[in-house]
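# Per-entry structural report
Read off the chains here:
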Amino acid sequence: MMRTALVTGANRGIGLETCRALAKQGISVVLTARDRRLGEQAVAELAIEEPAVVRFELLDVSDEASVLDCAHRLEDAGIEIDVLVNNAGVYPEGKLLEPEGAVAMEDALLANFWGAFRCCQEFVPGMVERGYGRVVNVSSGYGSFGEGLEGPAAYCVSKAALNALTVKLAREVKGDVKVNSVCPGWVRTRMGGPGADLAPEDAIDTIVWLATLQHDGPNGGFFRDRQPVPW
Ligand SMILES: NC(=O)c1ccc[n+]([C@@H]2O[C@H](COP(=O)([O-])OP(=O)(O)OC[C@H]3O[C@@H](n4cnc5c(N)ncnc54)[C@H](OP(=O)(O)O)[C@@H]3O)[C@@H](O)[C@H]2O)c1
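This one's a predicted model, so the numbers in the text were calculated from it and none came from an experiment.

Time to look at the overall build of the chain. Helix and strand content of the chain: six helices and eight strands. Counting helices and strands in the order they occur from the N terminus, the chain gives β-α-β-α-β-α-β-α-β-α-β-α-β-β. A compact globule built from 231 residues would reach a C-alpha radius of gyration of about 17 Å, and the chain, at 16 Å, matches this within 12%. Referenced to the eigenvectors of the C-alpha coordinate spread, the extents of the chain come out at roughly 50 × 40 × 35 Å. By the burial criterion, 51% of the 231 residues in the chain qualify as buried. About 11000 Å² of surface is accessible on the chain, with carbon and sulfur atoms providing 52% of the total. Positive and negative side-chain charges in the chain, numbering 22 and 32 respectively, have mean positions lying 3 Å apart.

As structure tokens, this is what we get:
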């Protein structure tokens, strides 16, 4: 049975490589981005050959109406999402008590937490109803209390909140639906910068693993290199 995955923030970086890898595994992919031109260009660049299908949908996860519109368009097209990769993310810097701290916090929470949460609200009920689903929340070690919440404050808070969402949603879902968080490592993307350890294609293994977990796979965990990360 061909599964369908939706990946957010997929016009570049880790999201784009995740789409490529999932399509290569024969999963039908909905590549989403908040910019139509960049998203359509990304689909064209992937040049995935049949029978794999990659289609573009406009989705700004920070915009509630955009999340709803995307869900409605997919519903109208009869497309059911089996795998949701909440990858879209921003990395705003600025100290909490400086004036830009509030803007950073709002931006980070809207995209990194609220966006993932709203996408879960739209797509996970269908998974539960059909008895199968995989949700992968692309988090960060910077959201780990166990690793010291290193990194810019707003980003850390948003990824810690995303991890809490993983734990709580994993407890709420039923059937063969699994919700996990992943830290991809330090990756050479626009966010990670040119000095980072990993190329995007080498950073997606754990994301793809969690997106395609077997029935006996973990639920409610946080992983890097397929190994648990402390919360
Ligand atoms: N790179 C690292 O070292 C690293 C480490 C740990 C975790 N992560 C996480 O990995 C994920 C992907 O990051 P990346 O490294 O691939 O960064 P990236 O190259 O900066 O890509 C981020 C993607 O998210 C999209 N995005 C941002 N806000 C969005 C919104 N409101 N709606 C829809 N899309 C939005 C961007 O779209 P635009 O092109 O329109 O801006 C872009 O496609 C993020 O969640 C990040 O926190 C990255």
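From this point, things continue past the structure.
Take empty space enclosed by the protein next. Going through the model one piece at a time under the given rule, you end up with one cavity of 30 Å³ or more. Looking at the largest cavity, its volume works out to about 50 Å³. Of all elements in the fold, only α4 (100–130) and α5 (153–172) reach the threshold of two or more residues within the lining of the largest cavity. With four residues, the single largest contributor to the lining of the largest cavity is α4. Residues belonging to the lining of the largest cavity are distributed by class as follows: six nonpolar, five polar and one charged.

In this section: helix α3 (residues 64–76). Across its 13 residues, α3 extends 18 Å between first and last C-alpha, which sits within 8% of the 18 Å expected from 1.5 Å per residue. Along α3, the residues that are buried comprise S66, V67, C70, A71 and L74. Looking straight down α3, one finds that the buried residues subtend no more than 135° of arc, so they occupy a single side. In α3, those exposed residues whose orientation departs by more than 90 degrees from the buried face are E75 and D76. The secondary structure elements touched by the buried residues of α3 are β1 (4–7), β2 (28–33), β3 (54–58) and α4.

The nonpolar side chains of soluble globular proteins are, as a tendency, buried together. Residues C19, L22, L31, V85, V136 and I207 are the most contacted members of the largest nonpolar core, which totals 32 residues. Elements represented by at least two residues in this core include exactly β1, α1 (13–24), β2, α2 (36–46), β3, β4 (83–86), β5 (132–138) and α6 (205–211). Looking at this core, the element that brings in the most residues is α1, giving six residues. In this structure, L6, V61, C70 and L169 belong to the second largest nonpolar core, which totals 22 residues.

Our focus in this paragraph is the site of the ligand. In the vicinity of the ligand, 27 residues are found, and the nearest of them are N11, N87, Y155, V187 and T189. Here an oxygen atom of the ligand sits 3.5 Å away from a polar atom, N or O, in the main chain of G185. Relative to its unbound accessible surface of 890 Å², the ligand loses 94% to contact with the protein. Mapped onto the shell around the ligand, the elements with two or more residues apiece are α1 and α5. Residue classes in the shell around the ligand are distributed as 11 nonpolar, 11 polar and five charged.

Mapped onto the secondary structure, D82 falls in the loop between α3 and β4. Here D82 sits buried without a salt bridge, and the closest side chain of opposite charge, R130, lies 4.1 Å off (N-O distance). A distance of 2.7 Å separates a polar side-chain atom of D82 from the backbone nitrogen of T4. With residues up to four places along the chain from it excluded, the contact list for D82 reads M2, R3, T4, M127, R130, Y132, G133 and R134.

Here the focus is the pattern of salt bridges. Within the structure shown, the criterion is met by 10 salt bridges. Between R55 and E57 there is a salt bridge; the shortest N-O distance is 2.7 Å. Among the residues examined, E57 registers a relative accessible area of 6% and is labelled buried. Three or more residues joined by partner-sharing salt bridges are found here, namely R55, E57 and R73.

The rules behind these values
Residues numbered from 1 in each chain as written. Predicted model: local features only at pLDDT ≥ 70, side-chain atom pairs only at ≥ 80, totals over all residues. Heavy atoms only, no water. Helix = DSSP H or I, 4+ residues; strand = E, 2+ residues; numbered from the N terminus. Rg over C-alpha atoms; globule rule 2.2 N^0.38 Å. Buried < 20%, exposed > 50% of the residue type's maximum accessible area, 1.4 Å probe, protein only. Areas by Shrake-Rupley, 256 points an atom, 1.4 Å probe, with all protein chains shown as cover. Lys, Arg positive; Asp, Glu negative; His and termini not counted. Charge placed at Lys NZ, Arg CZ, Asp CG, Glu CD. 1 Å grid on protein atoms, 1.4 Å probe; cavity = no way out; pocket = protein on both sides within 12 Å on 5 of 7 lines; lining within 4 Å. Points joined across faces, edges and corners; volume = space filled by probe spheres on them. Nonpolar A, V, L, I, M, F, W, Y, C, P; charged D, E, K, R; others polar. Expected span 1.5 Å × (residues − 1). Arc of directions from axis to C-beta. Contact = heavy atoms within 4.5 Å. Core = buried A, V, L, I, M, F, W, Y, C linked by side-chain atoms within 4.5 Å. Near = heavy atom within 4 Å. Polar contact = N/O pair within 3.5 Å; in protein donor to acceptor, adjacent residues only side chain to side chain. Salt bridge = Lys/Arg side-chain N within 4 Å of Asp/Glu carboxyl O.

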